[in-house]
Amino acid sequence: MSAITDHPAPHAVPFRAPTARLALKPVSLSPGQVELDGAWWPRSRDLSDELPALADVLDPLWGRITRIAVNPRYWPVIPQRIFVNGHVVKAGWFTTELDPHKILLLSGTSGRWDLLVIPPEVSAPSAARLMAATSASTTPQSTATALLTAELVDAPSTSADADTAGPDGLAAEMRPCTPPPRP
């Protein structure tokens, strides 16, 4: 006797990278630009790998991200164009005009958004505190570097942090990178 089932045959599902680790500030009805609209904790310093996961979350909320800008201090490679979700995002960098711990995102439909970039090597408890502080609507405005510096100074040290810290207290991976040549 044979059995008949209505179940479809198994098929391969493409690998999907984990979604972005992100915390956003609630939409404010008050006018004026806030310093930070939220925080992003990328898994690496590779914009080509990290930006698609960020855009997966932000595109439906803010509209298609068309441009980004970063400070090159902590990004070893900044491609001019990044292919994201079927479209190209143009990337730029500024050394003095942009906080090294911030990413600026531009959308043609909803304007400018600024996110604190939590370094990938920061511990999970510190990242959680930074994300909570940045996304709280009652938090006083502060720069990305000021928030990160306060957290790293106040955060309890772990043995892993102590192993990678240099003489200035920053983890080795957080040391500035050489900026890419201007096109």
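Residues numbered from 1 in each chain as written. Predicted model: local features only at pLDDT ≥ 70, side-chain atom pairs only at ≥ 80, totals over all residues. Heavy atoms only, no water.

Asker: For the side chain of Thr-134, give the residues involved together with the corresponding values.
Answerer: By the secondary structure assignment, Thr-134 is in helix 2 (residues 124–135). There is a polar contact of 2.7 Å between the side chain of Thr-134 and the backbone oxygen of Leu-130. For Thr-134, the residues in contact, after removing those within four places along its chain, are Lys-25, Leu-36, Gly-38, Ala-39, Leu-116 and Leu-147. (Helix = DSSP H or I, 4+ residues; strand = E, 2+ residues; numbered from the N terminus. Polar contact = N/O pair within 3.5 Å; in protein donor to acceptor, adjacent residues only side chain to side chain. Contact = heavy atoms within 4.5 Å.)

Asker: I'd like a rundown of helix 2, residues and numbers included.
Answerer: The end-to-end C-alpha distance of helix 2 is 16 Å, a good match for the 16 Å that 12 residues give at a rise of 1.5 Å each. Buried within helix 2 are the following residues: Ser-126, Ala-127, Leu-130, Met-131, Thr-134 and Ser-135. For helix 2, the arc enclosing every buried residue in end-on projection is 150°, short of the 170-degree limit, so these residues lie on one face. As for helix 2, its buried residues are in contact with strand 1 (22–24), strand 2 (38–40), strand 7 (111–117) and helix 3 (144–154). (Expected span 1.5 Å × (residues − 1). Buried < 20%, exposed > 50% of the residue type's maximum accessible area, 1.4 Å probe, protein only. Arc of directions from axis to C-beta.)

Asker: Outline the sheet that holds strand 1, supporting the account with residue identities and numerical values.
Answerer: Here we have seven strands laid out as an open sheet, ordered 1-2-7-6-3-5-4, and mixed in their pairing. One side of each edge strand has no neighbouring strand; the edge strands of this open sheet are strand 1 and strand 4 (81–84). The sheet shows a mean angle of 30° between the axes of neighbouring strands, direction not considered. Note: strand 2 against strand 7, three bridges, orientation parallel. Looking across to strand 7, one finds that Trp-40 is bridged to Val-117. Relative to strand 4, helix 1 (residues 47–62) is tilted by about 60°, and along the sheet it contacts strand 1, strand 2, strand 3 (65–70), strand 4, strand 5 (87–93), strand 6 (102–107) and strand 7. Its contacts with the sheet put helix 2 on strand 1, strand 2 and strand 7, and the angle it makes with strand 1 is roughly 20°. (Pairing = 2+ DSSP bridges. Axes fitted to C-alpha atoms, helices over the stretch in contact; angles between N-to-C directions.)

Honestly, that's just the spatial picture; any functional story needs more than this.
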